[in-house]
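Now for the letters of each chain:
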Amino acid sequence: GSKENSFDMNEAISAWMKFTADVWGPMVRNMNQKALDYIIGQVPIGRLIEPEEVAMLVGDIYRNEALAGEVFFIHGGLRLGSKG
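So, here's what we can say about the structure. (Residues numbered from 1 in each chain as written. Predicted model: local features only at pLDDT ≥ 70, side-chain atom pairs only at ≥ 80, totals over all residues. Heavy atoms only, no water.)

1. Some details on the overall build of the protein chain
Condition: Secondary structure elements follow DSSP: runs of H or I of four or more residues count as helices, runs of E of two or more count as strands, with numbering from the N terminus. Each residue gets one of three labels from its accessible area relative to the maximum for its type: buried under 20%, exposed over 50%, partly exposed in between, using a 1.4 Å probe on protein chains only. Only heavy atoms matter for contacts: two residues are in contact if any of them lie within 4.5 Å across the pair. Shrake-Rupley sampling with a 1.4 Å probe provides the accessible areas, and residues are treated as covered by the protein chains on show and by no other component.
Helix and strand counts for the protein chain come out as three helices and zero strands. The linear arrangement of helices and strands in the protein chain, starting from the amino end, is α-α-α. Here the protein chain holds 84 residues, and the buried ones make up 17% of them. In the protein chain, of all internal contacts separated by at least 6 residues, the share reaching a separation of at least 24 is 62%. Carbon and sulfur atoms form 57% of the exposed surface of the protein chain, whose accessible area is close to 6600 Å².

2. Describing helix H1 (residues 9-29)
Put simply, the test is: To estimate how far a helix should reach, multiply one less than its number of residues by 1.5 Å. Take the seven residues that end at a residue and the seven that start at it, fit an axis to each, and the angle between those axes is the bend at that residue.
Look at H1: 28 Å from first C-alpha to last across 21 residues, which is about the 30 Å you get at 1.5 Å a residue. The axis of H1 is deflected most strongly, by about 40°, at Thr-20. For H1, every residue scored as buried is listed here: Met-9, Thr-20, Gly-25 and Val-28. Tucked inside the fold, the buried residues of H1 contact helix H2 (33-42) and helix H3 (51-63).

3. Focus on the pattern of salt bridges
Formally: By salt bridge we mean one thing: a side-chain nitrogen of Lys or Arg within 4 Å of a carboxyl oxygen of Asp or Glu.
Enumeration over the complete set of coordinates arrives at three salt bridges. For Glu-53, the salt bridge identified is with Arg-47, shortest N-O distance 2.7 Å. Exposure remark for Glu-53: the relative accessible area of 21% places this residue in the partly exposed category. Given a relative accessible area of 34%, Arg-47 falls into the partly exposed group. For Arg-63, the salt bridge goes to Asp-60, with nearest N and O atoms at 2.9 Å. With a gap of three residues between them, Arg-63 and Asp-60 both fall in helix H3, about one helical turn apart.

4. A few points about the packing of H1 against H3
Spelled out, the test is: Interaxial angles span 0 to 180 degrees and are taken between N-to-C directions of axes, which are lines fitted to C-alpha atoms, for helices over the stretch in contact. Between 65 and 115 degrees an angle is taken as roughly perpendicular, under 35 as roughly parallel, over 145 as roughly antiparallel, and anywhere else as oblique. Should the near helix be turned anticlockwise from the far one by less than a right angle, the crossing is left-handed, and should it be turned clockwise, the crossing is right-handed. Gly falls in the polar group here, along with every residue not listed as nonpolar (Ala, Val, Leu, Ile, Met, Phe, Trp, Tyr, Cys, Pro) or charged (Asp, Glu, Lys, Arg).
Where H1 contacts H3, the axes come no closer than 10 Å and their chain directions differ by 160°. Comparing the axis directions of H1 and H3 gives the class roughly antiparallel. In the packing of H1 onto H3, the handedness of the crossing is right-handed. Each of Met-9, Ile-13, Trp-16, Met-17 and Thr-20 in H1 lies in contact with H3, whose residues at this interface are Pro-51, Glu-52, Val-54, Ala-55, Val-58, Gly-59 and Tyr-62. By residue class, the composition of the contact of H1 with H3 is nine nonpolar, two polar and one charged.

Shown next, in the form of structure tokens:
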């Protein structure tokens, strides 16, 4: 394909990391601590997902040509049931 239509994994990861630094990080840091603790308390792994974990998943999907048209949830098991 042409360069203008090609996908650059490093650019995608950089954009995601910039988003998390500029938007996600401040949003989480400025949350009401009780609300944040409640949310984290519902996550089976006991913490929020790190931006690097999302970037790793995107990289794995990009490198594995056998994966196509799938939906991957990265939520620390939250949708699988409650922690307790």
